[in-house]
Amino acid sequence: MSGSERAEMGRRGVLAGAGAVVAGAVTGAVTGAVPAAAGEAPEAAAVTIRPGDRRYDGLLRGDNFRFAGRPDEIRVVSSTGQVVAAVSDAVRSGRRVAVRSGGHCFENFTADPGVRMLLDLSPMDAVGFDAGRRAFAVQPGATIGQVCTTLYQRWGVTIPAGGCPEVGAGGHFAGGGYGPLSRRYGSVVDHLHAVEVVVAGADGRVRAVVATREPGDPNRDLWWAHTGGGGGNFGVVTRYWLRAPEATGDDPSRLLPPSPAEMLAWQVVWRWDERMTERAFTTLSRNFGTWHERNSAPGAPAAGLYAVLIASHRKAGSLQLVVQMDADLPDAKRLLAEFLAEVSAGTGLTPIVHDGITMPWLHMTTWPGNGEGGDKVTRRSKLKAGYLRRSLTGAQLATIYAKLTDSAGTEKDGMLLIGYGGQVKAVPPGATAVAQRDAIMKAVYQTTWQSETEDKARLAWIRAFYHAVYADTGGVPVPNEVSDGSYINYPDVDLADPEWNTSGVPWSTLYYKDDYPRLQQVKARWDPRNVFHHALSIELPA
């Protein structure tokens, strides 16, 4: 889950015939400007904005207002050719370049003081069908809401992307991508057919390269690195192509999973009162976890059910369970009822809200209230995370209860347990760069606040919370029978800080496990000068 804001509806034309973009380059490279695709809006000129321009401060920040760099320029680009030109300028002048599409990175990867050129890809937001590749072409500036809306409107298909509609496709896809349909359809990158990336060679030459998942593609390693390796590591993604790996034929409506028609949505809310004892809280949380232990195999009848347990701090007044499920799945209502009964069993709790509704899938997918960060004033945040292979231990749940009821927390602090697994587990580790394929849940620990004066206190609280939950493994989710590292789209620079990671396990193992050396080899081939880097970027091999 990332910042939840109103999804921008698609405003670009269909990319019909977009194979012309890189004609003949399924396994080759394209250098320089790439021609516009048929049906794509005419290319607008690149815009360069420097300090002193009244637009500069307005375009400086992403979604997390903790971070604001001072680059020499913000280059707003509209095409692959403009990206090639911008990166060429940066390489030639020796300036560090960073890339922003949706702007929802939780750390300062695009706002580091060392960044001298900020590439803004938000105008590159076209979504359409490329008949030449038999795949859907998505530019990195398109939001998740825009992608899902366009796929739904035109072809009745979808991808299992995140539930926060204003997140940009650029970073979301590169990090693996997951959402409410992932238990049923897998990760976003399980449907990634090809990627176009602007890279810089050892000689400083900048070019656009297309890499596909085809076994004979000499650039296939670059495709693989973008199936979970994270953004800002190898180059600038300027286009993704999506097609289910088992899909055949030319009919676009059969090349990606079908969009659900209607969703069952359910919300259960419990008060933080005298009945929410440590025993009741841990029983509720453990029930949620053990249900996922039993119902997260690929193809399991309940794999279409997606649930999030939102455990806010006591000062927020309540906890809630949010569930959604495709209403057309066999026995959907029965499976939902059994899940709700199992989660609440033995808690002794009576909900203050226990309400369900059936609504169109698109409405739920693009609703601006999905996720955190909807408050436009509260724009400072810190998020930490961990994969779970089974339910948290009794000691961990006791620690969580203690932190959620302490005096130092606020109503905007808390944690989430997010359902995962299902079809995600059907893909073996190594097939993509998503290493944690047998995880069944994600745990997210978060705090948001408004004023810079609160930074020290809020960061201290969330760091102490996370470190205490993973105290037995050096303060971080070291892969073991319970934990399985963390998710690169939830970046946390503390994992690379020996003050907060005392496990002896490097941050790279926590995010990438055994895939990291392979990612380093891809880095050495495609970004040998380390043009693209940030606080948690893939390192060149020693």
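Every value quoted in this text rests on a predicted model; they were computed, and no experiment measured them.

Looking now at the overall build of the protein. Check the secondary structure of the protein and you find 13 helices and 17 strands. Expected size for 542 residues packed as a compact globule is a radius of gyration near 24 Å; at 22 Å, the protein falls within 12% of this value. With the C-alpha coordinates aligned to their principal axes, the bounding extent of the protein is approximately 65 × 50 × 45 Å. For the protein, the residues scored as buried account for 59% of the 542 residues in total. The long-range fraction of contacts in the protein, counting pairs at least 24 apart against all pairs at least 6 apart in sequence, stands at 75%.

With that settled, consider the sheet that holds strand β11 (residues 262–271). Strand order in the open sheet made by the seven strands is β14-β11-β13-β12-β16-β17-β15, with antiparallel pairing throughout. Edge positions in the open sheet fall to β14 (353–360) and β15 (380–388), since each of these has one partner strand only. For this sheet, the mean angle separating the axes of adjacent strands, direction not counted, is 15°. Bridge analysis of strand β12 (residues 305–312) against strand β16 (residues 413–419) gives five bridges, and the strand direction is antiparallel. Opposite Ala 311, over in β16, you have Met 415 as the bridge partner.

What follows deals with the packing of helix α7 (residues 278–294) against helix α8 (residues 332–344). Closest axis-to-axis distance for the α7/α8 pair is 7 Å, and the angle between their directions is 135°. On the basis of the axis angle, α7 is oblique to α8. Touching Leu 284, Asn 287, Phe 288, Trp 291, His 292 and Arg 294 of α7 are Phe 339, Glu 342, Val 343 and Ser 344, all from α8. Of the residues belonging to the contact of α7 with α8, the class tally is five nonpolar, three polar and two charged.

Time to look at the side chain of Asp 217. In this fold, Asp 217 is placed in the loop between β9 (206–212) and α6 (220–225). Looking at Asp 217, its side chain comes within polar contact range of the main-chain nitrogen of Asn 219, at 2.8 Å.

Mapped onto the elements of the fold, Glu 262 is located in strand β11. Considered as a pair, Glu 262 and Asp 326 are 64 residues apart in the sequence and their alpha carbons are 6.2 Å apart. When neighbours within four sequence positions are excluded, Glu 262 is seen to be in contact with Met 325, Asp 326, Ala 327, Thr 358, Met 359, Pro 360 and Trp 361.

At Asp 331, a position not held by glycine, the phi torsion is positive, near 60°. Locating Asp 331 in the fold gives a position in the loop between β13 (318–326) and α8. Here Lys 513, not a glycine, exhibits a phi torsion of approximately 50°, which is positive. Tracing the sequence through the fold places Lys 513 in the loop between α12 (507–512) and α13 (516–526).

Attention shifts here to the environment of Pro 260. The topology assignment puts Pro 260 in the loop between β10 (236–242) and β11. Exposure remark for Pro 260: the relative accessible area of 3% places this residue in the buried category. Between the C-alpha atom of Pro 260 and that of Met 117, which follows or precedes it by 143 residues, the distance is 42 Å. Contact partners of Pro 260, with chain neighbours within four places excluded, come to Tyr 152, Leu 181, Arg 184, Asp 326 and Trp 361.

Under the 1.5 Å per step criterion, the end-to-end length of helix α11 (residues 455–469) is 22 Å for 15 residues, consistent within 8% with the ideal 21 Å. Taken together, the buried positions of α11 are occupied by Asp 455, Arg 458, Leu 459, Trp 461, Ile 462, Phe 465, Tyr 466 and Val 469. The buried side chains of α11 occupy one side of the element, clustering within an arc of 160° when seen end-on. The inward-facing, buried residues of α11 contact β15, α10 (394–404), β16 and β17 (441–449).

If you check UniProt for "domain: FAD-binding PCMH-type" (unreviewed entry), the listed places come out as residues 67–247 in our numbering. As annotated, residues 67–247 has a helix share of 23% and a strand share of 24%, and its two end C-alpha atoms lie 42 Å apart.

Our next topic: the side chain of His 104. Among the structural elements, His 104 can be located in the loop between β4 (97–100) and β5 (117–120). Here Gly 102 takes part through its backbone oxygen, which lies 3.1 Å from a polar atom of the side chain of His 104.

Three or more residues of α10 are buried, namely Gln 396, Leu 397, Ile 400, Tyr 401, Lys 403 and Leu 404. Across the axial projection of α10, the buried residues extend over an arc of 165°, all falling on one side. Where the residues of α10 are buried, they touch α7, β12, β16 and α11.

Time to look at the sheet that holds β5. The four strands lie next to each other as β2-β3-β5-β4, forming an open sheet whose pairing is mixed. Because the sheet does not close on itself, it has two edges, and the strands there are β2 (47–49) and β4. Within this sheet the neighbouring strands show an average axis-to-axis angle of 20°, counted without direction. Pairing analysis gives three bridges linking β2 to strand β3 (residues 73–76), with the strands arranged antiparallel. Bridging from a neighbouring strand, Ile 49 pairs with Ile 74 of β3. Seen against the sheet, helix α2 (residues 80–93) touches β3, β4 and β5 and runs at an angle of roughly 175° to β5.

The next thing to look at is the packing of α10 against α11. Remark: α10 packs on α11, axes separated minimally by 9 Å, with the N-to-C direction vectors making an angle of 160°. Put simply, α10 runs roughly antiparallel to α11. Considering how the two elements wind past one another, α10 and α11 form a crossing that is right-handed. Residues Gln 396, Thr 399, Ile 400, Lys 403 and Leu 404 of α10 form the contact with α11, whose participating residues are Trp 461, Ala 464, Phe 465, Ala 468 and Val 469. Here the contact of α10 with α11 is built from residues that sort into seven nonpolar, two polar and one charged.

Definitions and cut-offs
All chains use their own residue numbering, which begins from 1 and follows the written sequence. Local features in this predicted model are restricted to residues of pLDDT 70 or higher, and side-chain atom pairs are both shown and tallied only at a pLDDT of 80 or more, whereas totals for entire chains, interfaces and linings draw on every residue. Where side-chain values are given, they derive from all heavy atoms of the structure, hydrogens and water being excluded. Secondary structure elements follow DSSP: runs of H or I of four or more residues count as helices, runs of E of two or more count as strands, with numbering from the N terminus. Radius of gyration here is computed from C-alpha atoms only, and the compact-globule reference equals 2.2 Å multiplied by the residue count raised to the power 0.38. Three labels apply to residues, based on accessible area from a 1.4 Å probe with only protein chains included: buried if under 20% of the type maximum, exposed if over 50%, partly exposed otherwise in between. What makes two residues a contact is simply this: any of their non-hydrogen atoms within 4.5 Å. The pairing criterion is simple: DSSP has to find at least two bridges between the two strands. Fitting a line to C-alpha atoms yields each axis, with helices limited to the stretch in contact; the angle taken between N-to-C directions then spans 0 to 180 degrees. Between 65 and 115 degrees an angle is taken as roughly perpendicular, under 35 as roughly parallel, over 145 as roughly antiparallel, and anywhere else as oblique. Note on residue categories: nonpolar means Ala, Val, Leu, Ile, Met, Phe, Trp, Tyr, Cys or Pro, charged means Asp, Glu, Lys or Arg, and polar means any other residue, Gly included. For this analysis, a polar contact is any N or O atom pair within 3.5 Å, provided that within protein one partner can donate a hydrogen and the other can accept it, and provided that sequence-adjacent residues contribute only side-chain to side-chain pairs. By this rule the span expected of a helix is its residue count minus one, scaled by 1.5 Å. Working definition: the arc comes from the directions between the helix axis and the C-beta atoms, pointing outward to the latter. UniProt positions are given in the numbering used here, feature names are shortened, and annotations may be inferred rather than shown by experiment. Put simply, a crossing is left-handed when the front helix is turned counterclockwise from the back one by less than a right angle, and right-handed when it is turned clockwise.

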